[in-house]
Each structure stands twice: as structure tokens, then as C-alpha cells.
2 protein chains.
Amino acid sequence: METPGSQSSLHRANLERVVRAVRLAGSLTQAEIARTTGLSAATVSNIVRELKDGGTVEVTPTSAGGRRARSVSLSGDAGIVIGVDFGHTHLRVAVGNLAHQVLAEESEPLDVDASSAQGFDRAEQLVSRLIVATGVDRSKIAGVGLGVPGPIDVESGTLGSTSILPGWSGTRPAEELRGRLGVPVHVDNDANLGALGELVWGSGRGVRDLAYIKVASGVGAGLVINGKIYRGPGGTAGEIGHITLDESGPVCRCGNRGCLETFTAARYVLPLLRSSHGTDLTMEAMVRLARDGDPGCRRVVADVGRHIGSGVANLCNLLNPSRVVLGGDLAEAGELVLGPIRESVGRYAIPSAGRQLSVLPGALGGRAEVLGALALALSEMGDSTLLDGSAAGARPTATPVFT
Amino acid sequence: METPGSQSSLHRANLERVVRAVRLAGSLTQAEIARTTGLSAATVSNIVRELKDGGTVEVTPTSAGGRRARSVSLSGDAGIVIGVDFGHTHLRVAVGNLAHQVLAEESEPLDVDASSAQGFDRAEQLVSRLIVATGVDRSKIAGVGLGVPGPIDVESGTLGSTSILPGWSGTRPAEELRGRLGVPVHVDNDANLGALGELVWGSGRGVRDLAYIKVASGVGAGLVINGKIYRGPGGTAGEIGHITLDESGPVCRCGNRGCLETFTAARYVLPLLRSSHGTDLTMEAMVRLARDGDPGCRRVVADVGRHIGSGVANLCNLLNPSRVVLGGDLAEAGELVLGPIRESVGRYAIPSAGRQLSVLPGALGGRAEVLGALALALSEMGDSTLLDGSAAGARPTATPVFT
DNA sequence: GCTTAGAGTTCACTAGTTGGACATAGACGG
DNA sequence: CCGTCTATGTCCAACTAGTGAACTCTAAGC
């Protein structure tokens, strides 16, 4: 039945068209669907009936004062997706439905030195708790997105060596979680997911090309090109932390000198304040102090901003994204860091590239990654699962022809 | 008739499938087409007949010793495309057919100070000459690709200020040429077209992500992501020439210091050899001398390579392309420049990104841009024009639904 | 010479979209 | 309060296009 190029595939594509249109608009009348999708009213009528019978869509008997327009919207319980994000110190889980609504979200602290098995146990428990709390049917879970803080080979699903969660290297997080939850799990690293999260729910709404820069203990970037995460052929695109700013700068953990990271990441920057602010200063605390007016912290934050700006200027010259979103703890510093970034970009990027760039703080804070994981689950099931997942087994799953 | 989501559009998509399959393979039997496209034999039979009647395809009554397999191939004269490339000193024109074959190619010197009108006159004459020489029918021209050396806004088609062809700023080359030739003209800058050319005919065959670096009087990069030219939302992606390598380096014409260009572009590099080699040394001559063993030139070429390598390392960390192709005059230096580039990349790029990168010299030399223009014309008419351009007006042009 | 097997065609059937006719129900004007 | 108007959604007949199965054809192998 996987008819590659015909009829049924066309029908399938049209189903997806309608669902997409409804999702983007929230709710539409059939006539509106016909206009936006370009399909004829008759076809829309058939498709809506099919979707309604399948449970994917709900038809409410007219809300606004029209003639007799029945508004069509995605039914909230047609299927749910789950996002799981392992951070350096936190575990976050979010539950959402196919209509791109977040139903529940929760985080709890995670011990850095915990074993991966413990971590997955905790994740499984938290997921179960949220499922119960939201009262959705467990069988409705259509997919899970998983975020891990470190380099991961998306193809094989193997976590590379990561200094953030020691002892997790070489594990295959997606398989682990799939084993426990029994549904497809898709992994990606935190920077890519943060980018996706901000793109769908945060400061990136409305653009198709976006760079999300996350400054924490390291510096990473998630790139969205043409609405999709760009990982590059080797899967390691976005390593902005190790572009060289100064060939004779400080030695970086990667073995080079003057990497962006050596001027901006927590591990290199916080020591600068050790003599004045002690040894257990965190990025978060530094940002708070800076906002409260501490001159030393302000200076450091501004310096970090300037260097990030240099890196972003390079990124800008090469990729020319329309928007850069700053995430991580540092984003909390607001204009204290954005100002210097913009200034640096204006200075180092070629004018035509820098001019139309907007640099914004992330709108989601620490939630960006979980929400991105949610978005990953939604996008990975490619709107197809979204359709037949609930279609009462009417027709077997077929790969969509056109993507 | 622009039926957005149905039936006829499906048919159209299937037509394109078949054409694409045939083009990629050179020639196929119907049974093979059915297997590679996934369409049924009956459908293929109908489609082949339609294409044959339209003149897009030729059916030769069995070549290899099979049962009764008739091999299907694109008919060479179904339609032709033209590539035009304005360089700093040259004008090049190429004529190709829809089967991706180059039928004729010619270049002639162009006076830098010539007016744009003169330039277009020359281009028109050269095109006409080649059309006559190849004996193809003028009415078969399906589209033209045009390369210009300088920043161009692909949307509006307006040439930005370019120091290479003074007096051309603000003109709209595509419109000019369309007016003279009477067919659709698509423009892009030389770096992007070089990338496309190498991708389709040169060192980039077989990969989907590619960076083409062109070193001449300036330095530019053309990026191919997922098989398509990536221009970025603002249209200025690939400006590798002005990423900062050394914040306190030489002052660049762009107003910053230490741009890649200041270490690598002809205008900055050649003066280094002025005292030893005179003032009218060209990039080309320097490369030739280096190959002949001149130690000064060798050193300069190697230094340029090292700096390009630094830039490529940054590019690599950010984008992680699988291949970098070096174009322009400098590529003629071969290993003299590639060695230092690879060395620099190995040193400055993060290992996982640098490891699987291959750095190759362009295979097309100065032809990369014209051939890229040809490829642009082919791709811009999106295989659709390819179909109905010759379909004897059987059905009006429709925009393909899925892309 | 006979068999065999893959190639291409024809045909009846089916899936699926469309235009047009039709029923419906609120809005608007009198 | 009623008739008219208009946009919505549904139904039906027509049409487009792909598919499986049966069929024909041709050259190779024995």
C-alpha cells in the first residue's frame, strides 16, 4: 500500500494540507480551509468528514455569528507528544498535543554524577506522573523528543564524550527511553532543541532561518535553516564555541587558542571574578549581580557580549540568518549583554548582513529545550502519524511521497 | 488550471519523476523507470508515450542485447539553456541542453571599463553566435542563467555596488538580458554559481552540501545546502571574505581589521611581492611562479592557504559541510595551497568536523561560473518548463504543488 | 524448434478530485 | 414580520489518472 507516486498518496498529502492549515490557524471553517489550501469545497468536505471520523479533528457547530459556518479545529486528545530534556542539573518533561499546545510541564533537579540508568528511571517516572496528571490516555502517545547536553550522533543515537554528564558517554539515550516507554524516541542536542523551541514557541516565531546561541558552561549554537534544524552532513554543525577569535588568545580545552568559548563560557569567565566574588560564583549569580549593579560583573557580562558579538558577526557573514536568539543563563542579563552583542555585530559584520539582523533574548528561558524536544517529536512524526495514529487503523501507514 | 492539490498536479509530478530518473541515469528502459520511480509499468508506458509525443524524450529501439527493451533518453533538442558569466576580465557563454550536456562554450575578453550596455551587447552577440554554431533552434531556448561578479539582490535583481565592474551598480542585469533575448533570465553572483557549477559538473558531484571558495581580487564563498544554493534570508550568505581572523590585523576595505580578505585576496597579497617581483604581478602569474619553484611566491601562496584554512575551519565548525572546493586562479596552485589549507583546518576546526571534510581544487577552473549559470537556468525552470516547453501547448503551465 | 522470461501495451477497474446543483440559515432591508 | 440575498456545506455525476491482470512480443537458452 506504500503507493509511491499516486492517488492514495495524493489523498494523504491533501489530508496533511488540511491538518496543517487548521493547525496554523487554530480553527477554520471548511470554506476557509478550501480557500487557504486551494482544494475544492467538495474535497474539503470529504476530508473533514474523514478526519472527524478518525478523531483527528473536531467540528464545533458555529461559534462566531456567521451564516452556518462550522469551525473545524484539531481535537486535543487525538494524540500526544512528550518532550524530555536532560540538562546539566535539571531534568524537564513536557506533555503536549498535536495542536501544538503544551498540556503540562515539570522539572526536577538531577544529580550530575547520577548514572544514566538512574537518569532514565527518573525521566520515566516523571513522564508517568505527568501523563496521570493530565489525564490523557497512555496509548495516545505518538512520540517522544529527547534532549541531551552534548554531542550526539543523530544517526546512530550514540552520545559522544560529554564533560557535562560524565559516565553517559557511549550510551544510546533514545534506545534507553524507547525501551522504557515503548514509543519512538528522537534525540538531539540541547542547542538544536533550544533553537527549535524558540522557533516554534518563542522569539523565533515567524522566521524560517534562525541561530540560537546558548551560553552556559560551554557555548553552542543551534541552526535552523528553512524551518528545519540544520545538522550538517557530519551532524556537528553549530559548533560556534570553537571558532577562533584570537589566534594567540587563551588556550581552550579543545587544544586551540582564542576560541570563542575561552572568552564567553562559564568555565573560563567565572574565574576572572574569583578574587573579588569567590570561587563558587555561578553564571546565574553573576548575571543577577550584574543586573543589581555590581560593576565587576557588569564589565564581565559586557565583555562576554562583545566576544559573542564577534562570533555572531562571523556567523552572520557566512549564513546571514534573519534572527539570532540568545539562550542559556546569560540571556537573563538582557540588554547588559545584548547591547554589546549588537554593537559587536554592527562593527564586525558586513553592513548588508548585519543591518537586517535582529538579536533577541530567548523568550522561553530554561524551557526552550524541553519545548524544542516537543517540537522535535511533532516534526519527526511528520504530520503523518498525526493522521493515521488516530485513524482507527483505517489504512496502513504509508510514507508520504513529497516532503 | 493551476489546480493546486490534485490529479493533474499529481500527473505533472509523475512526469517530472520520470524525467528526473531518465536524466540521472542517462538512459533507461521503461521497466527500469518503473522500478526506480516506483510507478507501475502501465503508468510509465503512458507517461513515456506522452513525453515522446511532446518531444521531450526519445525512444531508441533497443541498443543493448535484451529481449525487447527500448531505451528512453532525453531528446537533446527538446529545449536548450544558456549560461552567461560576466567576470572581471572575461565574458563567457555556454549552451546546454535539458539532458545536462554542454553543447558549446566560448569566452572572450571584456574591458573592465566598458559600460553595462556594451557588455550586454557583447553577450547578446556571443549568445547568437553560439546558437548559430550549434545549429539549435532559437525558439527552443528555455531559460538563461546569468552570473555577475558582485553582490546582487536576487529578489529585485539589482546589482549592488561592485568595485569589479564600476558603472554597473544599480543596473538590473537580468532585465537587460531578458529584454535582448526574450526569455527568462535568472541571476546570481559568481561565487554561488561557481558552487553550483562544481556541484553539478565538477568536484562537488555526489555531495549535497558544499562550500565553494573563490579567491580572486576578493574572497567569496558559495554555499550549497541540501543540493540548493543557500543565500540566506537577506541574500548575502557566504561572505567569508570578511570574517575576522585577527582583530588587530591589517585594515580592510570594508572598514574592519584582519578580515580573511586582507590575508588572502589579490589586492592585499600581491603588494607583498612588489619589491621582488614588480608591480604588475597578477594572481595567475604568482601561482605560475610558485609552481615553477619561486620561493617568495611559494611562501606567499602557502601563507594565503593557511589563512584560508583558518576561515574554512570557522566555516566548518559552523556549517560542517562535507566538501570544500577551492576555485578561482588560486586553485591552480594545487597542493601548494591545498596542503596549508588542510593543515590549518586540521588545526583550527573541531576534530569531528574537520575529520570528514575533504578539501578539493575545483575541477572546472574558470568555467565553473558559466556552467553554474547553466545549472541555474536548468534548476530555476524547475523541470517543469522542461516538460511543457516542448509539450506543444498541450496543457497550460501549472505550478508544481510539491517542491 | 520449443520454452522461457522479461518488456511493453491494453483494458477494465478503482481511487479521488471537481464543478455544479441543492439545501440551509443567518443578515439585511422594507 | 417577511422576503431576498448570500455564503456555507453536502451530494451527485463527470472526469482524471493510476493499477493489476491479461496479453503480446522478442530474443536467449537448450
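Basis of the calculations
Residues numbered from 1 in each chain as written. Chains lettered and ligands numbered in written order. Predicted model: local features only at pLDDT ≥ 70, side-chain atom pairs only at ≥ 80, totals over all residues. Helix = DSSP H or I, 4+ residues; strand = E, 2+ residues; numbered from the N terminus. Rg over C-alpha atoms; globule rule 2.2 N^0.38 Å. Buried ≥ 20, exposed ≤ 12 C-beta atoms within 10 Å, placed from the backbone. Contact = placed C-beta atoms within 7 Å. Pairing = 2+ DSSP bridges. Axes fitted to C-alpha atoms, helices over the stretch in contact; angles between N-to-C directions. Nonpolar A, V, L, I, M, F, W, Y, C, P; charged D, E, K, R; others polar. Least-squares fit on C-alpha atoms with pLDDT ≥ 70 in both. Expected span 1.5 Å × (residues − 1). Arc of directions from axis to C-beta. Core = buried A, V, L, I, M, F, W, Y, C linked by C-beta atoms within 7 Å. Domains from an automatic or database assignment. Parallel < 35°, antiparallel > 145°, perpendicular 65-115°, else oblique. pLDDT = per-residue confidence, 0-100.

Our focus in this paragraph is the overall build of chain A. The number of helices and strands found in chain A is 15 helices and 15 strands. Taking 403 residues into account, the globule formula puts the C-alpha radius of gyration at 22 Å, and chain A, at 23 Å, falls close to it. Dimensions along the principal axes, computed over C-alpha positions, put chain A at roughly 70 × 50 × 40 Å. Within chain A, the proportion of its 403 residues that are buried is 50%. Sequence-distant contacts, at least 24 apart, represent 63% of the contacts inside chain A between residues at least 6 apart.

All names here are of chain B. Here we have 5 strands laid out as an open sheet, ordered 6-5-4-7-10, and mixed in their pairing. Looking at the sheet topology across the chains shown, the edges are occupied by strand 6 (102–109) and strand 10 (185–189). The sheet shows a mean angle of 15 degrees between the axes of neighbouring strands, taken without regard to direction. Pairing analysis gives 7 bridges linking strand 5 (residues 90–97) to strand 6, with the strands arranged antiparallel.

Before going further, it helps to spend a moment on the interface of chain B and chain A. Put simply, an interface is often sized by how much accessible area is lost when its parts join up. Between chain B and chain A, the contact holds 42 residues from the first and 42 residues from the second. No other element matches the 7 residues that helix 11 (residues 295–319) of chain B contributes to the side of chain B that touches chain A. Its residues placed into classes, the side of chain B that touches chain A shows 18 nonpolar, 19 polar and 5 charged.

Turning next to the sheet that holds strand 15 (residues 358–361) of chain B. The strands making up a sheet associate through hydrogen bonds between their backbones, and the pairing can be parallel or antiparallel. Residues and elements named next belong to chain B. Pairing is mixed across the open sheet formed by 5 strands, whose spatial order is 13-12-11-14-15. The two strands at the open ends of the sheet, each matched to only one other strand, are strand 13 (228–229) and strand 15. The pairing of strand 14 (residues 323–327) with strand 15 spans 4 bridges and is classified as parallel. Its bridge partner lying in strand 15, Val324 is registered against Val359. Relative to the sheet, helix 6 (residues 190–201) contacts strand 11 (210–215), strand 12 (219–225), strand 13 and strand 14, its axis offset from that of strand 12 by approximately 50 degrees. Along the sheet, helix 12 (residues 335–348) makes contact with strand 14 and strand 15, crossing strand 15 at roughly 160 degrees.

Once chain B has been moved 0.1 Å along the axis and rotated by 180 degrees, it coincides with chain A to within an RMSD of 0.1 Å. On the angle and the small slide along the axis, the relation comes out as a two-fold axis. When the interface residues of chain B are mapped onto chain A, 100% of them again fall at the interface, so both copies present the same face.

This paragraph deals with helix 12 (residues 335–348) of chain A. Residue and element names in this part refer to chain A. For helix 12, built from 14 residues, the straight-helix expectation of 20 Å at 1.5 Å per residue is met to within 8% by its first-to-last C-alpha distance of 19 Å. Among the residues of helix 12, Val337, Leu338, Pro340, Ile341, Ser344, Val345 and Tyr348 are the ones counted as buried. Take helix 12 and look down its axis: the buried residues cluster within an arc of 165 degrees, on one side only. In this structure, the buried residues of helix 12 make contact with helix 11 (295–319), strand 14 (323–327), helix 13 (351–355) and strand 15 (358–361).

All right, on to the nonpolar core then. A general tendency of soluble globular proteins is for nonpolar side chains to be buried together. If you look at the biggest cluster of nonpolar residues, it comprises 202 residues, and the most contacted ones within it are Ile82 and Ile213 of chain A together with Ile82 and Ile213 of chain B. With residues up to four places along the chain from it excluded, the contact list for Ile213 of chain A reads Ala221, Ile240, Ile308, Val312, Val324, Leu326 and Gly327 of chain A.

With that settled, consider the domain arrangement of chain A. Each assigned domain of chain A is listed with its residue range as follows: domain 1 (10–75), domain 2 (80–195 + 368–380) and domain 3 (208–362). Placing the centre of domain 1 of chain A and that of domain 2 of chain A at their C-alpha centroids yields a distance of 32 Å.

On to the pairing of strand 11 (residues 210–215) of chain A. Residue and element names in this part refer to chain A. In terms of burial, strand 11 is largely enclosed, as 6 of its 6 residues are buried. Inspection of the sheet shows strand 11 paired to strand 12 (residues 219–225) by 6 bridges, in the antiparallel sense. If you follow Ile213 over to strand 12, its bridge partner there is Ala221. Once strand 11 ends, the chain turns through 3 residues before running back antiparallel as strand 12.

With that out of the way, let us pick up the packing of helix 11 of chain A against helix 11 of chain B. For the pair helix 11 of chain A and helix 11 of chain B, interaxial distance at closest approach is 11 Å and the crossing angle is 85 degrees. Considered as vectors, helix 11 of chain A and helix 11 of chain B are oriented roughly perpendicular to each other. Every residue of helix 11 of chain B that contacts helix 11 of chain A at Asn314, Leu315, Leu318 and Leu319 of chain A is listed here: Asn314, Leu315, Leu318 and Leu319 of chain B. Taken together, the residues that form the contact of helix 11 of chain A with helix 11 of chain B break down as 6 nonpolar, 2 polar and no charged.

Attention shifts here to the confidence of the model for chain A. Overall, the prediction assigns chain A a mean pLDDT of 86, with 91% of residues at 70 or greater. For residues 384–403 of chain A, every residue scores under 50 in pLDDT, and the model assigns this stretch 42 contacts once sequence neighbours within four places are set aside.

In this section: unusual backbone geometry. Residues and elements named next belong to chain A. In this structure, His100 takes a positive phi of about 65 degrees despite not being glycine. Examined against the element boundaries, His100 turns out to sit in the loop between strand 5 (90–97) and strand 6 (102–109). The partly exposed category is assigned to His100, around which 16 C-beta atoms lie within 10 Å. With phi around 60 degrees, Asn226 is a residue other than glycine that occupies positive phi space. Looking at where Asn226 falls in the secondary structure, it is placed in the loop between strand 12 and strand 13 (228–229).

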